[in-house]
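# Structural characterization, general
So the chains spell out like this:
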Amino acid sequence: QVQLVESGGGSVQAGGSLILSCVRSTYDTGINYMAWFRQAPGKEREGVASINTGSGSTVYRDSMKDRVTIVRDNAENTVYLLMRSLKPEDTAMYYCAAGWLGGSRTDPGNYRYWGQGTQVTVSS
């Protein structure tokens with residue numbers, strides 16, 4: 001029903017910037033929140049940022065809120081994650097999520113739909 005496709009990942013030097021994109025293949029008025037998560041090898045998936053696609057209200061992971069910005073373009077069914085001042089510890093697979101089920105908007109268990117991810121690698 002809902003398909004998400006991420007892009008924009010790549011390899012970047014520490015201190016650099018990247019913009020990730022998430023395109024939703026279909027529009028569902030019931031989807032009011034979208035989010036970005038990341039998962040590094042051997043670690044659990046963790047929330048990075050979420051946005052209400054109607055109001056634009058955002059929630060950020062505290063440790064990253066000064067370095068990331070989530071924005072949406074509803075006309076294109078797209079959500080972006082703008083990342084700057086990247087650190088090697090930011091290296092992970094980044095996933096887009098939709099279909100909020102309630103509860104914390106940065107809990108991966110609270111989303112129904114997921115993309116396949118886009119890899120971000122930050123070198124020192």
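Here's what I pulled together on the structure shown here. (Residues numbered from 1 in each chain as written. Predicted model: local features only at pLDDT ≥ 70, side-chain atom pairs only at ≥ 80, totals over all residues. Heavy atoms only, no water.)

## Side note on the pattern of salt bridges
On inspection of all chains with the given rule, the structure shows four salt bridges. For Glu46, the salt bridge identified is with Arg61, shortest N-O distance 3.1 Å. Of the two residues, Glu46 sits in strand E5 (residues 46-52) while Arg61 sits in the loop between strand E6 (58-60) and strand E7 (68-73), which places them 15 residues apart along the sequence. Arg67 is the salt-bridge partner of Asp90, the closest N and O atoms lying 2.8 Å from each other. Taken together, the residues Asp90 in the loop between strand E8 (78-83) and strand E9 (92-100) and Arg67 in the loop between E6 and E7 connect sequence positions 23 residues apart. Across the pair, exposure class does not vary: Asp90 and Arg67 are buried alike. Ionic contacts of the salt-bridge type, sharing partners, join the residues Arg38, Glu46, Arg61, Arg67 and Asp90 into one network. (Salt bridge = Lys/Arg side-chain N within 4 Å of Asp/Glu carboxyl O. Helix = DSSP H or I, 4+ residues; strand = E, 2+ residues; numbered from the N terminus. Buried < 20%, exposed > 50% of the residue type's maximum accessible area, 1.4 Å probe, protein only.)

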